[in-house]
Amino acid sequence: MCNITVVLSSDLLAQVLDRLHDSKDLKSCRLVSRVFLQAERMHRKAIRPLRLGPLPLLLRRYATSLLSLDLSSCPSLDDAALSVSIPSPNNLRSVSLSRASGVTWRGLEVLVSVCPKIEAIDISYCTGFGDREAAAVAKASGLKELKIDKCLQVTDVGLAKVAVGCSGLEKLGIKWCREISDIGIDLLAKKCLELRELDISYLKVGNESLRSIASLAKLENLALVGCQYVDDEGLYFLSNRNNSLQIIDVSRCVNVTSAGLTTLAVGHQHLHKINAGNCSPVLTSTFVSKLCMLGETLNILKLDGLELPVSALETVGLNCRNLLEIGLSKCNGVTDEGISRLVEGCSDLSTIDLTCCHLLTDESLFSIAASCRGVKSLRFESCVLISEKGLDQVTTSCADLKEIDLTDCNVNDSALKCLSRCSELLILKLGLCSGVSDIGLASIGTNCTKLLELDLYRCTAVTDDGLASISNGCKRMKKLNLCYCNQISDTGLAHLRLLEELSDLELRGIVRITSSGITAMAMGCRSLTQLDLKRCYSVDDAGMWALVRYTENLRQLTISYCTVTGLGLCHLVGSLRCLQDVKMVHLSWVSIEGFELALRSACGKLKKVKLLSGLQDVLSPELLQTLQARGCCIRWVNKPLVFKG
């Protein structure tokens, strides 16, 4: 028998690795032989460690190939840790430090100095990032992408430093940087002439900023979400300059009306995407008619929350025949007739969002089935008038359906039997559908074997047998919501052990489950990263011990109202190496000393913790200061403090 490592050259091995996207597959590949291990080392381009400890080893291992480093999941990242972790020289092009509140200008100066080839930096949600830190970043003269969303201390001064030092910027995100004004945007537009993408959402800037931005000849993507001081005059400035705008998002710009949107449609005839959701509530016929000027290029149109009569949807259908996605969530006036006129013209639609369009019935589903046979995503949350009759038609005609949201639609097992025809289904949301039972889930489990996400929130008729059907059929499931499915017991949780790829599990309010069920589930679900056990009153220390033993990758955990003691809590948060976010409200069996010890044991790794506000006065001030200094955000819940232990 020929050795596979002899047959496969390094180039062929690289092509094999290019087609492996799952981390488990890559790990298995590394274990085949030394040749495969070496090939993986030479091929690996990006890493995202969960802890700082292994980072130096990983960087040495992938020194020659690594281009992207994401440290956003590493707790307690500060200047010292950053300086020690990144070797020099290196080939890094991209670094993410999102939420690394412990990193200051000193650490950023080191980063820029040891990464001379760096082109992209993400420092979003860093509470300590201000003008001095921006000045440190500005020393990376080759920077092309910078994201500093919600860095609240950055002002026009810091933005000016970046604009002067990084004049080659192509992508910039400064969303929620509320201290930046029109002055800073004006200087940015004068210095960074290569900008292609700009996000200034929720800034307190006005029309003068849009006058400046309009001069950016290469700008393709502009996000203005929630800019309350921008109005039609600002959009007029944009439409009267020669730039390359293809994507614009003016959603939640409450002073933008149809007149401003009309000038956009007229002035930018190469727009691919328009998001005008939750702007002026009424769209005029003038704007809708002008969409004909974008008929060849417009692919995505989002009009969420607006008033849309039949005539408006008919005009969109006639003028925008190349639409691939339409968003009509919470739109008033959307009727079956309007949807019929829309889809007659837009037959290539692949995503249709009709969330909370309460007037729609099965007739809309009949129209979609007749015209949009290639549709892949349908969202009908709270469309209570649709039934299995409409779904029967859609699932018969639309074989490529991959996502459907029927939350709060009162569908039943007959509807699920229709949906089971969609063998390519990946996402199914059935929350608040009390008519769904084990019978319908049996159909889904048998035929929808590729399902990745299932939402059964408050589907109270579902029992352990339904979970058995899903677990036996949908082995690739990654996300499962069973909150308040009160007929589920430990037996049902034991079935879940078959879902080895499950990463996100919500069990909130299932009062019948105990630590025995948690143990049985955890033994098989070793890929869990998020788990919600809030109000699972019978889960105690034994369940925590099981999580420590079997779910070592757990990062986000909610155990509020569980009967956990101080011993169990301390063992849990101290032993789970990847745990970063824990909600532990109303743990009545945990004493003050128990909370103190638990928090100290996890002080170096937690990024978020949720506690009762009563603990704020009794926990050690030194402990709370240490937690916050190491980047942990504490959320205090204002409810009475009760101890039973």
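Quick caveat: nothing in here was measured; it's all calculated off a predicted structure.

1. Focus on the overall build of the protein chain
Turning to step 1, where the next piece is worked out: When its secondary structure is counted, the protein chain shows 27 helices and 24 strands.
Turning to step 2, where the next piece is worked out: Since a compact globule built from 645 residues should have a radius of gyration of about 26 Å, the 27 Å found for the protein chain is in line with a globular shape.
Turning to step 3, where the next piece is worked out: Taken over the C-alpha atoms alone, the protein chain extends approximately 70 × 65 × 65 Å along its principal axes.
Turning to step 4, where the next piece is worked out: Per-residue burial for the protein chain yields a buried fraction of 53% across its 645 residues.
Turning to step 5, where the next piece is worked out: Taken as two groups, the 72 positive and 69 negative side-chain charges of the protein chain have centres that lie 6 Å from each other.

2. Some details on the packing of aromatic side chains
Turning to step 1, where the next piece is worked out: Tallied over the full model, the rule gives two aromatic pairs.
Turning to step 2, where the next piece is worked out: When the ring of Trp176 is compared with that of Tyr202, the centres are 4.3 Å apart and the planes differ by 5°; the resulting orientation is stacked. Taken as a pair, Trp176 in the loop between β6 (171-173) and α10 (182-191) and Tyr202 in the loop between β7 (197-199) and α11 (207-213) lie far apart in primary sequence, 26 residues in all.
Turning to step 3, where the next piece is worked out: The exposure class assigned to Tyr202 is partly exposed, which follows from its relative accessible area of 22%.
Turning to step 4, where the next piece is worked out: Residues Tyr457 and Tyr484 carry aromatic rings whose centres are separated by 6.1 Å and whose planes lie at 90° to one another, so their mutual orientation is edge-to-face. Of this pair, Tyr457 sits in the loop between β17 (453-455) and α21 (464-473) while Tyr484 is found in the loop between β18 (479-481) and α22 (490-495), placing the two residues 27 residues apart along the sequence.
Turning to step 5, where the next piece is worked out: Owing to a relative accessible area of 27%, Tyr457 belongs among the partly exposed residues under this scheme.

3. Quick word on the state of the cysteines
Turning to step 1, where the next piece is worked out: In this structure the tally under the stated criterion is zero disulfides.
Turning to step 2, where the next piece is worked out: The closest cysteine sulfur to the non-disulfide-bonded Cys192 is located on Cys166, 7.4 Å from its own sulfur.
Turning to step 3, where the next piece is worked out: Look at Cys192 and you get buried, because its relative accessible area is 0%.

4. Quick word on a nonpolar patch on the surface
Turning to step 1, where the next piece is worked out: Taken together, Val618, Leu641 and Phe643 make up a surface patch of nonpolar side chains, about 220 Å² in accessible area.
Turning to step 2, where the next piece is worked out: Position of Phe643 among the secondary structure elements: in the segment after β24 (633-637).
Turning to step 3, where the next piece is worked out: Using a relative accessible area of 37% as the deciding quantity, one classes Phe643 as partly exposed.

5. Quick notes on the pairing of strand β23 (residues 608-612)
Turning to step 1, where the next piece is worked out: Across the five residues that make up β23, a large majority, four, are buried.
Turning to step 2, where the next piece is worked out: For β23 and β24, the ladder comprises five bridges, and the chain directions are parallel. Paired with Leu611 across the bridge in β24 is Trp636.
Turning to step 3, where the next piece is worked out: Crossover β23 to β24 through helix α27 (residues 621-629) is right-handed.

6. A few points about the pattern of salt bridges
For side chains of opposite charge, pairing can occur when their charged atoms come near one another.
Turning to step 1, where the next piece is worked out: Per the stated rule, a full pass over the model turns up 21 salt bridges.
Turning to step 2, where the next piece is worked out: Here Glu109 and Lys139 are joined by a salt bridge, their closest N and O atoms 2.8 Å apart. Remark: Lys139 occurs in the loop between α8 (131-137) and β5 (145-147) and Glu109 occurs in helix α7 (residues 105-114); sequence separation between them is 30 residues.
Turning to step 3, where the next piece is worked out: Between Arg508 and Asp532 there is a salt bridge whose closest N-O contact spans 2.9 Å. Separated by 24 residues along the polypeptide, Arg508 in the loop between β19 (504-506) and α23 (515-524) and Asp532 in strand β20 (residues 530-532) bring together distant segments of the chain.
Turning to step 4, where the next piece is worked out: Among the charged side chains, a network of salt bridges with common partners joins Glu145, Lys171 and Glu197.

7. Description of the packing of helix α25 (residues 566-575) against helix α26 (residues 592-601)
A pair of packed helices can be characterised by two numbers: the angle between their axes and the separation between those axes.
Turning to step 1, where the next piece is worked out: Their axes nearest at 8 Å, the elements α25 and α26 cross at an angle of 10°. The angle between the axes of α25 and α26 places the two elements in the roughly parallel class. Where α25 abuts α26, its residues Gly566, Leu569, Cys570, Val573 and Gly574 lie against Gly594, Phe595, Leu597, Ala598 and Ser601.
Turning to step 2, where the next piece is worked out: Here the contact of α25 with α26 is composed, by residue class, of six nonpolar, four polar and no charged.

8. Some words on the environment of Asp438
Turning to step 1, where the next piece is worked out: Secondary-structure assignment places Asp438 in helix α20 (residues 438-447).
Turning to step 2, where the next piece is worked out: Measuring from C-alpha to C-alpha, the distance between Asp438 and Asp413 comes to 8.2 Å, with 25 residues separating the pair along the chain.
Turning to step 3, where the next piece is worked out: The residues touching Asp438, leaving out its near neighbours within four places in the chain, are Ala461, Val462, Thr463, Asp465 and Gly466.

9. What to know about the UniProt feature "domain: F-box/LRR-repeat protein 15-like leucin rich repeat" (unreviewed entry) in the protein chain
Turning to step 1, where the next piece is worked out: According to UniProt, the "domain: F-box/LRR-repeat protein 15-like leucin rich repeat" (unreviewed entry) feature falls on residues 71-203 and 330-573.
Turning to step 2, where the next piece is worked out: Between the first and last C-alpha atoms of residues 71-203 the distance is 27 Å; the span itself is 33% helix and 11% strand.
Turning to step 3, where the next piece is worked out: Split by type, residues 330-573 is 37% helix and 11% strand. Its first and last C-alpha atoms lie 42 Å apart.

10. Digging into the side chain of Glu403
Turning to step 1, where the next piece is worked out: Relative to the helices and strands, Glu403 is located in strand β15 (residues 403-405).
Turning to step 2, where the next piece is worked out: In this structure, Glu403 is in contact with Lys376, Ser377, Leu378, Arg379, Leu425 and Ile427, ignoring residues within four places of it in sequence.

11. Some points on α10
Turning to step 1, where the next piece is worked out: Listed as buried for α10 are Gly184, Ile185, Leu188 and Ala189. The buried side chains of α10 occupy one side of the element, clustering within an arc of 135° when seen end-on. Along α10, the residues that are exposed and aim more than 90 degrees away from the buried face are Ile183 and Lys190.

12. Focus on the layout of surface pockets
Turning to step 1, where the next piece is worked out: A volume near 420 Å³ is recorded for the second largest pocket.
Turning to step 2, where the next piece is worked out: Lining the second largest pocket are 26 residues, and of these Lys147, Leu172, Gly173, Glu197 and Asp199 lie nearest its centre.
Turning to step 3, where the next piece is worked out: Put simply, the parts of the chain that give the lining of the second largest pocket at least two residues each are β3 (94-96), β4 (120-122), β5, β6, β7, β8 (221-223), β9 (247-249) and β10 (273-275).
Turning to step 4, where the next piece is worked out: Looking at the lining of the second largest pocket residue by residue, the classes come out as ten nonpolar, five polar and eleven charged.

13. Overview of unusual backbone geometry
Turning to step 1, where the next piece is worked out: With a phi close to 60°, Asp408 is a non-glycine residue in the positive phi region.
Turning to step 2, where the next piece is worked out: Within the fold, Asp408 resides in the loop between β15 and α19 (413-419).
Turning to step 3, where the next piece is worked out: One non-glycine residue with positive phi stands out, namely Leu432, at about 65°.
Turning to step 4, where the next piece is worked out: Within the element layout of this structure, Leu432 appears in the loop between β16 (427-429) and α20.
Turning to step 5, where the next piece is worked out: Judged by relative accessible area, which is 35%, Leu432 ranks as partly exposed.

So, how was this worked out
- Residues numbered from 1 in each chain as written.
- Predicted model: local features only at pLDDT ≥ 70, side-chain atom pairs only at ≥ 80, totals over all residues.
- Heavy atoms only, no water.
- Helix = DSSP H or I, 4+ residues; strand = E, 2+ residues; numbered from the N terminus.
- Rg over C-alpha atoms; globule rule 2.2 N^0.38 Å.
- Buried < 20%, exposed > 50% of the residue type's maximum accessible area, 1.4 Å probe, protein only.
- Lys, Arg positive; Asp, Glu negative; His and termini not counted.
- Charge placed at Lys NZ, Arg CZ, Asp CG, Glu CD.
- Phe/Tyr/Trp six-rings, centres within 6.5 Å; stacked < 30°, edge-to-face > 60°.
- Disulfide = S-S within 2.5 Å.
- Patch = residues over 30% accessible without salt bridge, like charges linked within 9 Å, V, L, I, M, F, W, Y side chains within 5 Å.
- Areas by Shrake-Rupley, 256 points an atom, 1.4 Å probe, with all protein chains shown as cover.
- Salt bridge = Lys/Arg side-chain N within 4 Å of Asp/Glu carboxyl O.
- Pairing = 2+ DSSP bridges.
- Right-handed = clockwise from strand over helix to strand, strands pointing away.
- Axes fitted to C-alpha atoms, helices over the stretch in contact; angles between N-to-C directions.
- Parallel < 35°, antiparallel > 145°, perpendicular 65-115°, else oblique.
- Contact = heavy atoms within 4.5 Å.
- Nonpolar A, V, L, I, M, F, W, Y, C, P; charged D, E, K, R; others polar.
- UniProt positions renumbered as here; feature names shortened; annotations may be inferred.
- Arc of directions from axis to C-beta.
- 1 Å grid on protein atoms, 1.4 Å probe; cavity = no way out; pocket = protein on both sides within 12 Å on 5 of 7 lines; lining within 4 Å.
- Points joined across faces, edges and corners; volume = space filled by probe spheres on them.

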